[in-house]
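Observations on the model geometry
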Protein chains: 2
Amino acid sequence: MSKYIYTFGDGKAEGSAAMKNLLGGKGSGLAEMNLIGIPVPPGFTITTEACNLYTKNGAESTFALIKADVEQALHQVEELTKMEFGSAENPLLVSVRSGARVSMPGMMDTILNLGLNDVSVEGLSKRTNNPRFAWDSYRRFIQMFSDIVLDMKPTTKEDIDPFEEIIESVKHAKGVKQDTELDVEDLKSLVVKYKEAVKAKTGNDFPQEPQQQLWRAIQAVFDSWNNDRAKYYRILNKIPEDWGTAVNVQAMVFGNMGNTSATGVGFTRDASTGENIFNGEYLINAQGEDVVAGIRTPQQITLIGSKRWAESQGVQEDVRKTQFPSLEESLPETYLELKNVQEKLEQHFKDMQDIEFTIQNGKLWLLQCRNGKRTGAAMVQIACDLFREGKIDEKTALKRIEPNKLDELLHPIFTPEALKTAKFVAKGLPASPGAASGQIVFFADEAKKFAQSILVRIETSPEDLEGMNIARGILTARGGMTSHAAVVARGMGKCCVCGAGALNINYKQRTLEVGGKVYAEGDWISLNGSTGDVFEGKLQTQEAQLSGDFGLIMDWAEKYTRMYVRTNADTPKDAQVARKFGAKGIGLTRTEHMFFEGERIKAMREMILASDLAGRQLALAKLLPFQRTDFEGIFEAMNGYGVTIRLLDPPLHEFVPHETAQQQELAQEMGLTLEQVKQKVHELAEFNPMLGHRGCRLGITYPEITEMQTRAIIEAALNIKAKGLDVKPEIMVPLVGNVNELEHQLKVVRKTADTVFKERNDTIHYLVGTMIEVPRACLVADSIGQIAEFFSFGTNDLTQMTLGFSRDDAGKFLPYYINNGILKVDPFQVLDRQGVGKMVELAVKNGKSTNPNLKVGICGEHGGEPSSVEFFHIVGLDYVSCSPFRVPIARVAAAIANLTHA
Amino acid sequence: MSKYIYTFGDGKAEGSAAMKNLLGGKGSGLAEMNLIGIPVPPGFTITTEACNLYTKNGAESTFALIKADVEQALHQVEELTKMEFGSAENPLLVSVRSGARVSMPGMMDTILNLGLNDVSVEGLSKRTNNPRFAWDSYRRFIQMFSDIVLDMKPTTKEDIDPFEEIIESVKHAKGVKQDTELDVEDLKSLVVKYKEAVKAKTGNDFPQEPQQQLWRAIQAVFDSWNNDRAKYYRILNKIPEDWGTAVNVQAMVFGNMGNTSATGVGFTRDASTGENIFNGEYLINAQGEDVVAGIRTPQQITLIGSKRWAESQGVQEDVRKTQFPSLEESLPETYLELKNVQEKLEQHFKDMQDIEFTIQNGKLWLLQCRNGKRTGAAMVQIACDLFREGKIDEKTALKRIEPNKLDELLHPIFTPEALKTAKFVAKGLPASPGAASGQIVFFADEAKKFAQSILVRIETSPEDLEGMNIARGILTARGGMTSHAAVVARGMGKCCVCGAGALNINYKQRTLEVGGKVYAEGDWISLNGSTGDVFEGKLQTQEAQLSGDFGLIMDWAEKYTRMYVRTNADTPKDAQVARKFGAKGIGLTRTEHMFFEGERIKAMREMILASDLAGRQLALAKLLPFQRTDFEGIFEAMNGYGVTIRLLDPPLHEFVPHETAQQQELAQEMGLTLEQVKQKVHELAEFNPMLGHRGCRLGITYPEITEMQTRAIIEAALNIKAKGLDVKPEIMVPLVGNVNELEHQLKVVRKTADTVFKERNDTIHYLVGTMIEVPRACLVADSIGQIAEFFSFGTNDLTQMTLGFSRDDAGKFLPYYINNGILKVDPFQVLDRQGVGKMVELAVKNGKSTNPNLKVGICGEHGGEPSSVEFFHIVGLDYVSCSPFRVPIARVAAAIANLTHA
Ligand SMILES: [Mg+2]
Ligand SMILES: [Mg+2]
């Protein structure tokens, strides 16, 4: 028979930290603290298995199963505390708390002082010699129990808690403001009125029997596992239904029993900076809820903390010492005990701990301990310090890194001083992290107008690329986390706030109106791309400080990873940035991004509008030198590493002008009529361009494009080789779904390369491979693998096609899907393992079946997302490629994946 | 060691009909005819394996390998014919012909009279006592051999054959018109000139050595297997490279040796009607090429055929008898022999034979026999007749049916008389078969203007649906075989000609201009949807005659099929048509097609433009009765059979008006401003609507739509049940990619149905299932299968997403892909087995793994295409569903698949 109850207390415990799944986080922590000699009020934990039984079989059979053990455990608590449940002399009071494996909002949290009734309240009064404390505790317990267990809590924001209503009317009648101004008689009459309210609302008397109180509280915890809010939270956070929650029943201790009592929270290290210094806050003569209420100012635990606090708040030392003394000063002995306890806990758990404690009449009790939440900077600092202190080894330290949090360290931020006085303007989505200030421009081609500009657009388009690169930051009124602006900005590592719906942008007047205030071109604004905040004026920023510890983490990542990390970069500048972050080569260069600047777009349009092959070749010849120069820069930056260059991919429609003025201009340049240009633009329009004439379909129907691009790549490679550098070009054919497509392009590439080799009387080794991004390609990857030298997964398109989601249109249903639990995460951010992942797996398996030496990587945006990187490690990819600023994140994620799945 | 040469002659043969792969169609036929005692000129076949060796290893080693055997075989021919290769007295002449497994244009066909040279021409002259015949044969041989083997054939249409040039100049000099007017001396001088031309062009003398002639001819046949045209043909027709071609070398016989010589072709039955009557044409004193040249009128073989011919041509009996006698009359004994031979052949091959014969001096020789090509009507008639005659069994008869050819029998056709005088206007694509005449209308909403109208549009859109249904036929200037007009018309079984590019349609003037001639609204035109022809005026049509034999075929199909066939039908009328064709239920009712008519579209638009739930519900309530009525009609027509109704699928943008006038109208009706309507229309526009807010994504974000549709279905079902009929509704959720989507819709459906059941105090059994059309659905079909009661593959969308081809846009590259062999067939017409098929297979396997009773069908257009139907049989589907007029085709295809893969 299973064991459903685990007791703890007085340095003993049936459970331990290892039993988190069975006892929940809180329960296992309480047990473990007992085991290592930390003072914890005695109690017991009802297991998550009991919760599952309850969910399955209901209360009657479940409670029958555990009743005897609960009574036995409670009896043990009575013995340890030398108190008695429901006693009129020396009553035992308990707290009842839920405790799942992870803390979960939406569930029942805590009932305190359970065991109080009309009899035991007198006992408490006697024992503590404090009638006010006893009656105040009783009226609080009635309210808490009734709200939570008897369902008297208001269900809407408009409704008023019936108990709050009563207490307000009592205070009003007496003419006082604070609860603390009520005396014992007032509290006694409150209890009477509270009980009347319960009777009126529920039809029953408030339960006086402590056993009944206890079982109803236990049931309420179990029920709360399945309430709507908890279910919703589980869906959002991918928490399985069958984890269940444990219930912790524990003897009450009181921090509000006088001036040698206190309550507080602490951290064994600084959660914000990572500094190795014990810190936290406490209040003398208070309960936990008083800290939350915010009526009294919490004081610092340590003297040094207290002094730092006083300095930052401008509090004089004499005021601090008398009014806000540290625990170190006010209760020095207990402080020393607490200091030892926190040291012991960190030593034991080998990580920074977040603790809750209560001091009752000078006696210290720990109520909770857990690994503390921390900032990215603190995460790095603490992991490295713990390693240096010999507490954890390299591997453990590395696994302590949440890769996504490194992002905080990689971008400039506003100084805390600047933020203090900043005037908030609007909030958008935190589309691309970092902080930037600049003068407003409304048009991409005017980004150069100011030395520091912020490009403000309703939304951006590929034509804006050059301007986006010049501007310090980008702000849009429309579009989500995967809109053009967001994706491009993240790729550039440029600060971007997207979809700030409150903005009214008027391109004609060149103004931005928000909340009644109008900003004009040239006005300064500041963006925080990590939070989505938009501020007025120019705020001071501080650069990212890639400290020595950051480098240490990267060294470990290098040491323990199996996959290597490349970058997606379209310019020599991006390539250089990525190299600094440790990218080993380029996984994706989108040649088309090179086509939008100045003269290039003209030649590109000329090519598109040409009526025959000769005309196209003429225009392509103009593009060739531009491409070659770009490639040379990239090859130089990636000396010694592979550079994957994708042949032209987007539909041609993206390159032609869509406004009449520009069309007119183009018509004149090309000696065409406006009508002819309009006609061509119209012809290029497609119903579903994502599935239209693009990718290798362009290179196949217009082989001259592939020829030109191959020539540019090979010529650039030979030029850089001639400088003595090591060039490793990899030519990637996009959107292949059929081996014949790749074969066609392969022939064009090989033939062109051979021609260049002959012309130059020199050769270079290069690879030809394909992007795997059409579902069909995964299914026939065995045949494609026979002629491809590498695969690179384009998981953006693969996600679009496998799920049938147009990324540009998914805004109409994807948020609804995520908010309603139909999808757990945005599949464009986190790889959909069941669907797209399955395709990736199939393709790897099929491809390697015919070509065991096939090099396989991924160059979609998922390449920089830790959970996706983990998946790519599991399915055996050779590398991931991501935007430059995600490279460190991907490197750490890849290393952790390797350690986790060793 | 392999055997590369197979001899035949004098009633003996080393090969047989069973050796088609090795000997080619022609070679195996020649061998088999020998074996069954049919007179065939002796000869031998060089195997396809020799061809493959040649392709692989080249001429030298291959010819070394076969040389001795070829000489040996040639010697045997000399012995049998008692003639000698290259003899000055009695020269053996041979023909050299290619012969692959299937006949293949683009390859070298035939060289006749090989063996002639300056010496043997004299021998031929002596032996035949006909110098003119001998020298005419020699000059023809030089031309044929030089053109084909020596590559002197002109390569472009503009170039003139050098030999034609010479003969024309000779005739011109002599002042005659016909070759036949040249005498022996003329021919001798021609030979001299021809040989000079060869020397001038090739630098070498015309080869005089017969052995050399033979080997060069053999080599030319082998080479022709790999010429560009042959390769191209193989790509188009999916013929593997490694089939190779055989070479047939055979003693010449001559039909042009006088009035007891003749040449002809015959069919053992009528290839057009299937009538069991021997028929064919011949010419006295002629060679095969004379029949082709068309200078002389070919005569009928049989007397009855001759009389029928005379009657149809208005030739008097005395004229017929004297000038155009039948073979039966002119050479009665040989005729009898021929008649016996054809009977013997049919009896032997158990199928209608197409034969070629030559009569040399009264002696009959068969040169070829093969299964004859035939019309759809003849195919049915012959298969049934052969069965009744006891020659083949039911299964064989059924397998003789090419399902696609049944289409010819299902639609009205123009009478032959009408076609004779019809004035051709233009040619388009044969988008939907049948014949129709009507008066031109240019707008769908004016289709009722005339009792019989033809809707003429540049292209059609969903708004035109009602008008398309009313018109007799549809003609468009743009769009391919899978354009909107084509797909919808085929679905309706309505005659349609698409993409007739020569048409200039002017909507404003309501005119259609083509080739300078203008047709106005109200003018009569006629369409042949089976050929793509457009005619002027009103042509007489005759209805499809579904003869008794057609019924017999259907009975066999019923008997031998495993899968059953449903239909895709959106109206009660379509449902009735399909029932007549044997559909067992409906596999797809597209509810949205019901939304376009009259009042309905108004309510639909009201729903879309409503600003809140209440507004949408109000509009939906207006749609409900329309839907219910439609469903009632469909349920009635399908009494006893399942009816699958798909919930709303297309993006809402398809339903709103896109022209200002209509938007204005809508604005007024709804009390909105034009701006508001325009804004809403703009908001609904999507970048890639195919992958946007559609399918179940609509039903999930607007559950009230699913509620309304469910209510309409269930109410209709209960109403029809109340009439005593058997109703089996199946509700299908489209575009599911995730089990949560289906679960969401399932709940809405079940809840709504339960509500209706309560209201009516009655229930009905219904199924809820899903369309499998998103690739992801196939990958997670195990989880979807747990809650779906059926799967129906939407292979149109599945093809779009798996291949990444937007059907509406693929016109820009798909034709190029097919013409260049990158794709073998249009994947929207024939299921892509490697890609989409793999997905289907996966989904069936996954789905049945969790739900063994899962019903699985397919309702994409592939459901009516025989090769796709075969695939669906192989992967174990329960049924296919297709448009009503494809039902018989699918039924036969399904039965044949079952017989083939038994
Ligand atoms: Mg892509
Ligand atoms: Mg579909």
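Residues numbered from 1 in each chain as written. Chains lettered and ligands numbered in written order. Predicted model: local features only at pLDDT ≥ 70, side-chain atom pairs only at ≥ 80, totals over all residues. Heavy atoms only, no water.

**A closer look at the overall build of chain A**
What counts, and what does not: Helix numbers and strand numbers start at the N terminus; a helix is a DSSP run of H or I with at least 4 residues, a strand a run of E with at least 2. When a residue's accessible area, from a 1.4 Å probe over protein chains only, is under 20% of the maximum for its type it is buried; when over 50% it is exposed; and in between it is partly exposed. To measure how exposed things are, a 1.4 Å probe is used in the Shrake-Rupley method; for residues, cover is taken only from the protein chains shown. The convention is simple: Lys and Arg are positive, Asp and Glu are negative, and His and the chain ends are not counted. Where a charge lies is defined by one atom per residue type: Lys uses NZ, Arg uses CZ, Asp uses CG and Glu uses CD.
For chain A, the count of helices and strands is 36 helices and 34 strands. Seen along its three principal axes, the alpha-carbon backbone of chain A occupies a region of about 105 × 65 × 55 Å. A total of 902 residues make up chain A; the buried ones form 57% of that total. Entry remark: accessible area of chain A is about 36,400 Å², with carbon and sulfur atoms responsible for 50%. Where the 101 positive side-chain charges of chain A centre and where its 116 negative ones centre are 3 Å apart.

**Focus on the coordination of the magnesium ion (ligand 2)**
Residue and element names in this part refer to chain B. Condition: Shown as donors are all N, O and S atoms within 2.8 Å of a metal ion, widened to 3.2 Å for Na, K and Ca; because water is not in the atom set, sites may appear incomplete.
Surrounding the magnesium ion (ligand 2) are the protein donor atoms E773 (OE) and D797 (OD), which sit 2.0 to 2.1 Å from the metal. In this pair, E773 sits in the loop between β31 (767-772) and α30 (775-779) while D797 sits in helix α32 (residues 795-803), placing the two residues 24 residues apart along the sequence. Comparing E773 with D797 shows no difference in burial state: the two are buried.

**Some details on the confidence of the model for chain A**
Note the following rule: Every residue is assigned a pLDDT by the predictor, reflecting its confidence on a scale from 0 to 100.
Averaged over all residues, the pLDDT of chain A equals 92, while 98% of them reach at least 70. Among the prediction metrics, the complex's ipTM stands at 0.84, with pTM recorded as 0.85.

**A short note on unusual backbone geometry**
Leaving glycine aside, a negative phi is the common case for residues, and trans is the common case for peptide bonds. Despite not being glycine, L735(A) shows a phi value in the positive range, around 60°. By secondary structure assignment, the location of L735(A) is in the loop between β30 (728-733) and α29 (739-760). Its identity as a non-glycine residue notwithstanding, N361(B) has a phi of 50°, on the positive side. With a relative accessible area of 45%, N361(B) lands in the partly exposed category.

**Comments concerning the sheet that holds strand β11 (residues 299-300) of chain B**
We count it as follows: Any two strands with at least two DSSP bridges between them are considered paired.
The strand order β11-β10-β9-β12-β13 (chain B) describes an open sheet built from 5 strands, whose pairing is antiparallel. One side of each edge strand has no neighbouring strand; the edge strands of this open sheet are β11 and β13 (363-371) of chain B.

**What to know about the relation of the copies chain B and chain A**
Under the convention used in this document: Here the copies were fitted onto each other by least squares, based on C-alpha atoms from residues at pLDDT of at least 70 in both. Only heavy atoms matter for contacts: two residues are in contact if any of them lie within 4.5 Å across the pair.
Of the two same-sequence chains, chain B is brought onto chain A (RMSD 0.4 Å, axial shift 0.3 Å) by a rotation of 179°. Such values leave the two copies arranged in the relation of a two-fold axis. Of the interface residues in chain B, 100% have counterparts in chain A that sit at the interface too, so the contact is made through matching surfaces.

**A closer look at the side chain of N846(A)**
Residues and elements named next belong to chain A. Along the polypeptide, N846 turns up in helix α34 (residues 833-850). The exposure class of N846 is buried, given its relative accessible area of 14%. Contacts of N846, omitting those with residues within four sequence positions, involve C778, L779, A781 and D782.

**Some remarks on a positive patch on the surface**
Put simply, the rule reads: What makes a patch is a set of residues exposed beyond 30% relative accessible area and free of salt bridges, joined within 9 Å when like-charged and within 5 Å when nonpolar (Val, Leu, Ile, Met, Phe, Trp, Tyr). Whenever Lys or Arg places a side-chain nitrogen within 4 Å of a carboxyl oxygen from Asp or Glu, that contact is recorded as a salt bridge.
The grouping of K838(A), K845(A), K838(B) and K845(B) at the surface amounts to a positive patch. When residues of the positive patch are traced back to their parent elements, those giving at least two are α34 of chain A together with α34 (833-850) of chain B.

**Observations concerning the environment of T561(B)**
Residue and element names in this part refer to chain B. In plain terms, the rule: The term polar contact refers here to a pair of N or O atoms within 3.5 Å; inside protein, the definition further demands a hydrogen-donor-capable atom paired with an acceptor-capable atom, and it admits residues adjacent in sequence only when both atoms are side-chain atoms.
Structurally, T561 is set in the loop between α21 (548-560) and β27 (564-568). Taking relative accessible area as the criterion, T561 reaches 22% and is therefore assigned partly exposed. Distance in space between the C-alpha atoms of T561 and A894 is 5.8 Å, their sequence separation being 333 residues. Apart from the residues lying within four places of it in its own chain, the contact partners of T561 are R891, A894, A895 and N898. Within the local environment of T561, its side chain forms a polar contact with the backbone oxygen of M563, the two atoms lying 2.8 Å apart.

**A short note on the interface of chain B and chain A**
Our working rule: In this description, buried area is defined as the sum, over both parts, of the accessible area (probe of 1.4 Å) that is lost when the two are combined. All amino acids are sorted into three groups, where Ala, Val, Leu, Ile, Met, Phe, Trp, Tyr, Cys and Pro are nonpolar, Asp, Glu, Lys and Arg are charged, and the leftover types, Gly among them, are polar.
Opposite the 46 residues of chain B that make contact, chain A presents 46 residues. Interface area, chain B with chain A, both sides summed: about 4,000 Å², of which 57% is carbon and sulfur. Salt-bridge contacts for R776(B) lead to D832(A); the nearest nitrogen and oxygen are separated by 2.7 Å. Summed over the shared surface of chain B and chain A, the number is 34 residue pairs in polar contact (both at pLDDT 80 or more). Secondary-structure elements contributing two or more residues to the side of chain B that touches chain A are α26 (674-684), α27 (696-701), α29 (739-760), α30, α32, α33 (814-819) and α34 of chain B. With 5 residues, α34(B) is the single largest residue contributor to the side of chain B that touches chain A. Here the side of chain B that touches chain A is composed, by residue class, of 22 nonpolar, 14 polar and 10 charged.

**What about the packing of helix α2 (residues 48-57) of chain B against helix α8 (residues 210-225) of chain B?**
Residues and elements named next belong to chain B. The cut-off we apply is this: Lines are fitted to the C-alpha atoms to define the axes, a helix being fitted only along its stretch in contact, and any angle between axes, read from their N-to-C directions, falls within 0 to 180 degrees. Each angle is binned into one of four classes, with values under 35 degrees roughly parallel, values over 145 roughly antiparallel, values of 65 to 115 roughly perpendicular, and all other values oblique.
Look at α2 against α8: their axes get within 10 Å of each other, and the N-to-C directions meet at 75°. Relative to α8, α2 is oriented roughly perpendicular. Between α2 and α8, the residues in contact are A50, C51 and Y54 and Q219, F222, D223 and W225, respectively. A breakdown of the residues in the contact of α2 with α8 according to their chemical character gives 5 nonpolar, 1 polar and 1 charged.

**Concerning the packing of helix α22 (residues 572-580) of chain B against helix α24 (residues 613-637) of chain B**
Residues and elements named next belong to chain B. Contact geometry of α22 with α24 gives a least axis separation of 8 Å together with a crossing angle of 10°. Relative to α24, the element α22 is oriented roughly parallel. Seen from α22, the contacting residues are P572, A575, Q576 and R579; seen from α24, they are D630, G633, I634 and A637. Its residues assigned to classes, the contact of α22 with α24 comprises 4 nonpolar, 2 polar and 2 charged.

**Some words on the domain arrangement of chain A**
Under the convention used in this document: Throughout, the edges of the domains are those of an automatic or database domain assignment.
According to the domain assignment, chain A contains domain 1 (1-115 + 209-252), domain 2 (118-208), domain 3 (262-374), domain 4 (411-542) and domain 5 (561-592 + 635-645 + 710-901). On a C-alpha basis, the centroid separation for the pair domain 2 of chain A and domain 3 of chain A is 31 Å.

**Digging into the pairing of strand β6 (residues 94-99) of chain B**
Residue and element names in this part refer to chain B. The buried fraction of β6 is high, at 6 of 6 residues. Here β6 shows a buried face lined by V94, V96 and S98 and a second buried face lined by S95, R97 and G99. The sheet contact formed by β6 and strand β7 (residues 110-114) spans 3 bridges and is antiparallel. Looking across to β7, one finds that R97 is bridged to T110.

**Some details on the nonpolar core**
Our working rule: For this analysis, a nonpolar core means a set of buried residues of the types Ala, Val, Leu, Ile, Met, Phe, Trp, Tyr and Cys, connected via side-chain atoms within 4.5 Å.
By size, the foremost hydrophobic cluster in this structure holds 294 residues, and its most contacted members are F635(A), F793(A), L877(A), F635(B), F793(B) and L877(B). Not counting chain neighbours up to four residues away, the residues in contact with F793(A) comprise I772(A), L798(A), V840(A), A843(A), V844(A), V856(A), G857(A), I858(A), C859(A), G860(A) and L877(A). Core analysis: the next-biggest nonpolar cluster, separate from the first, contains 69 residues, V70(B), M83(B), A100(B) and F141(B) among them.

**A few points about helix α32 (residues 795-803) of chain A**
For α32(A), the buried fraction is high: 9 of the 9 residues fall into the buried class. Directly beyond the C-terminal end of α32(A), a positive phi value near 70° is found at G804(A).

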